[in-house]
Each structure stands twice: as structure tokens, then as C-alpha cells.
Amino acid sequence: GILSSLGSACANVETNEYFYPLLYLYRRQVADSGGPGRFRGGVSGSYSFAPYGTPNPLTCALFSHGVEQPPSSGISGGYPGGTAQFALVRESNLWKLFQSGKMPYDLEDLEGTMEIAPPKAVTQIGLNDVFRCVYPGGGGYGDPLDREPELVVVDVQRGLVSEKAARDIYGILVDSGGRLASAATERRRQEIRAERQAHGSRASGTESHQLIGECRPMGEYLELVGRGSQAHVRCRRCGTIIAPGHENYKLHTPVGEYPLNRAGPQVAPNLDDGRFVLREFYCPGCWTLLEVETNLKGEPFIWDVELA
């Protein structure tokens with residue numbers, strides 16, 4: 001998420017349990033929480049605990065941002081990272097599972113009533129309740145279809161990216177042995193580009209030719225060619241002229257509008273009420289993902305880059 005300090009640290013789990021009446025179920029990294037991109041955003045973490053060694057419920061003050069909308073944006077076609085999440089299971093069967101020698105992996109493995117907590121609240125955690133917190137992940141950089149397939153496979157093997165996200169977002173398929181399925185991957189990436197072309201609307205800049213003049217990069221995939229009234233925004237990959245240099249290039253690209261979870265299952269999984277949307281902006285020539293933004297539905301496109 002957003003960095004508010006140059007460095008941070010979290011206490012050792014056993015230290016927290018020594019000072020507070022808590023029993024941790026786990027503290028671990030979260031798959032699919034790092035924003036997909038040519039360079040994946042850093043994954044976030046999650047922890048879960050229950051009251052332990054106390055006769056009274058715990059009072060917990062919740063305070064967070066980035067719950068309904070990702071706080072970490074992607075850059076140059078990278079997707080945003082996962083959102084913050086608070087959840088509890090009320091009157092769970094945790095202690096019965098422990099007595100039977102079973103260890104729950106997550107809240108979904110527990111019986112009881114699931115409760116999604118808001119970003120800011122004061123709540124009681126009862127003696128049979130279990131609490132979970134997930135904090136935001138980092139945004140990705142560049143089109144996910146440009147990520148080296150082998151790097152995605154390694155992420156899947158390490159549990160940082162799920163096989164579903166690898167297939168749906170990166171266009172990477174693995175075989176039954178967990179290895180890269182090269183032919184199927186190439187077909188899947190072609191399918192994703194075709195899906196972009198089918199769902200993208202309002203394409204206007206489709207002419208491809210050479211412009212004479214100075215080229216200045218505007219990001220991973222865009223450049224400004226020429227100066228003054230003759231300047232234009234051009235795709236650095238295929239050479240397609242996209243927009244006049246003095247206008248927001250997003251007004252001239254094909255755009256797809258989707259729910260937030262288009263960026264992955266860890267983006268607003270519980271509190272997405274449809275107020276926010278995820279927008280994808282494509283090059284009309286090669287259908288590279290130029291930029292991704294999240295915004296309130298109906299709001300104008302963000303003007304994120306301009307060169308004088």
C-alpha cells in the first residue's frame with residue numbers, strides 16, 4: 001500500500017502472545033495480493049488470532065484506508081494491489097477443532113457467523129470469535145502479458161500467484177507437474193488480446209505512420225513526438241498515433257470498464273458495492289494495456305501524464 005514511512009517492522013508473534021491475551025492462528029503472505037504487471041507488485045500479508053487466556057472479550061479498534069478501493073495504483077498498465085480487509089467469525093468452533101487435533105487454515109474453515117467489519121469501527125472480539133486482517137499489496141508495473149512466463153510459474157510455485165490468476169490475468173498456464181505449458185500459454189495470451197479488442201470501446205487513433213521530431217517517453221508504452229501544435233502521443237511498441245499531444249490520451253483510446261476484482265480476488269472481495277470501477281486503456285494498434293485506473297463510477301478519466 002501507500003508508504004507512510006521509509007521503514008516498518010512488525011513484532012514477533014510469540015512476543016505479542018506473551019504480552020497480550022492472544023493466540024495467533026497464522027501470519028503469512030497472501031496470494032494474488034500483489035498487483036499484476038510486467039513487474040508484479042509486492043504481495044501483502046495477513047494474520048488471524050483469537051482471544052486466549054482471558055475471561056473477558058477483547059475490545060478492538062479498527063482503523064484503515066484502502067478497503068473499498070485499492071490504495072496502491074499500478075503504473076503503465078500494471079494493476080492495483082489488493083485492498084485492506086477486516087473479518088471475524090462469531091461463535092466459531094475453533095476450540096472444538098483444536099480438541100479434535102485439527103488446525104483451520106483460514107476463516108472459511110470455521111463454523112460460525114462470518115462478519116465483514118468496516119474500515120473504521122470499535123468492536124468486541126468474543127472468547128469464541130476469530131479475527132482476520134489483510135493489509136494492502138503493492139501495485140504492478142507494465143502490461144501483465146509482458147511478464148516473463150517463467151517468473152509467473154515461479155510465483156505460482158511459491159504461492160504468491162494462484163493458477164487461476166496466472167491463467168486469467170497473466171495468460172500463463174502450467175501443466176500437471178507445475179511447469180510452463182508453452183503452447184497453451186501462447187494461445188491464452190492471444191485470447192486475452194482478442195478479448196480486449198472485443199470489449200474495448202471508443203477507438204479513434206488507429207493510424208500508424210512515422211512522425212518526424214523529438215521523441216520523449218511518457219511511460220513504458222507511450223511517447224510524445226514533435227513539439228507545439230504538431231505534437232502527438234504515440235505507442236512506443238507499434239507506432240500507432242493515439243492522440244494530440246495537448247489532450248488526455250485516454251479520451252482517444254479503447255477503454256474497458258470492469259468490477260474492481262478484475263485486478264484479482266484480493267481487491268475489495270467483501271465490500272465492493274459497485275461505486276468504484278476499474279478502467280483499462282488499450283493501444284488501438286497492438287492492444288497493449290497502456291494504463292489501469294480505479295475511480296468512482298461516472299467520474300471523468302484521470303489525466304495522469306502530460307508533457308509540456
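In what follows, the structure referred to is the one given above.
Residues numbered from 1 in each chain as written. Predicted model: local features only at pLDDT ≥ 70, side-chain atom pairs only at ≥ 80, totals over all residues. Heavy atoms only, no water.

### Concerning the sheet that holds strand E13 (residues 276-282)
Item 1. Strands sit in the order E12-E13-E14 across an open sheet of three strands; the sheet is antiparallel. Where the open sheet ends on each side, the last strands, each with one partner, are strand E12 (255-258) and strand E14 (289-296). The sheet shows a mean angle of 20° between the axes of neighbouring strands, taken without regard to direction.
Item 2. Pairing of E12 with E13 involves four bridges; the strand directions are antiparallel. Within E13, the position partnered with Gly-256 by the bridge is Glu-280. (Pairing = 2+ DSSP bridges. Helix = DSSP H or I, 4+ residues; strand = E, 2+ residues; numbered from the N terminus. Axes fitted to C-alpha atoms, helices over the stretch in contact; angles between N-to-C directions.)

### So, the side chain of Thr-185
Item 1. Within the fold, Thr-185 resides in helix H5 (residues 182-199).
Item 2. Those residues in contact with Thr-185, other than ones at most four positions away along the chain, are Gly-171, Ile-172, Leu-173 and Leu-180. (Contact = heavy atoms within 4.5 Å.)

### Some words on helix H4 (residues 163-170)
Item 1. Within H4, the full set of buried residues consists of Ala-165, Ala-166, Ile-169 and Tyr-170. Buried positions in H4, seen along its axis, are confined to an arc of 105° and lie on one side of it. More than 90 degrees from the buried face of H4, the exposed residues found are Glu-163 and Lys-164.
Item 2. Looking at the buried positions of H4, the neighbouring elements they touch are helix H3 (149-157) and H5. (Buried < 20%, exposed > 50% of the residue type's maximum accessible area, 1.4 Å probe, protein only. Arc of directions from axis to C-beta.)

### Here we look at the pattern of salt bridges
Item 1. Inspection of every chain in the model, using the stated rule, returns 24 salt bridges.
Item 2. The partner of Glu-257 in a salt bridge is Arg-279, and the shortest N-O contact between them spans 3.2 Å. Of the two residues, Glu-257 sits in strand E12 while Arg-279 sits in strand E13, which places them 22 residues apart along the sequence.
Item 3. Overall, Glu-257 belongs to the partly exposed group, its relative accessible area being 46%.
Item 4. Salt bridges sharing common partners tie together Lys-250, Glu-257, Arg-279, Glu-293 and Asp-304. (Salt bridge = Lys/Arg side-chain N within 4 Å of Asp/Glu carboxyl O.)

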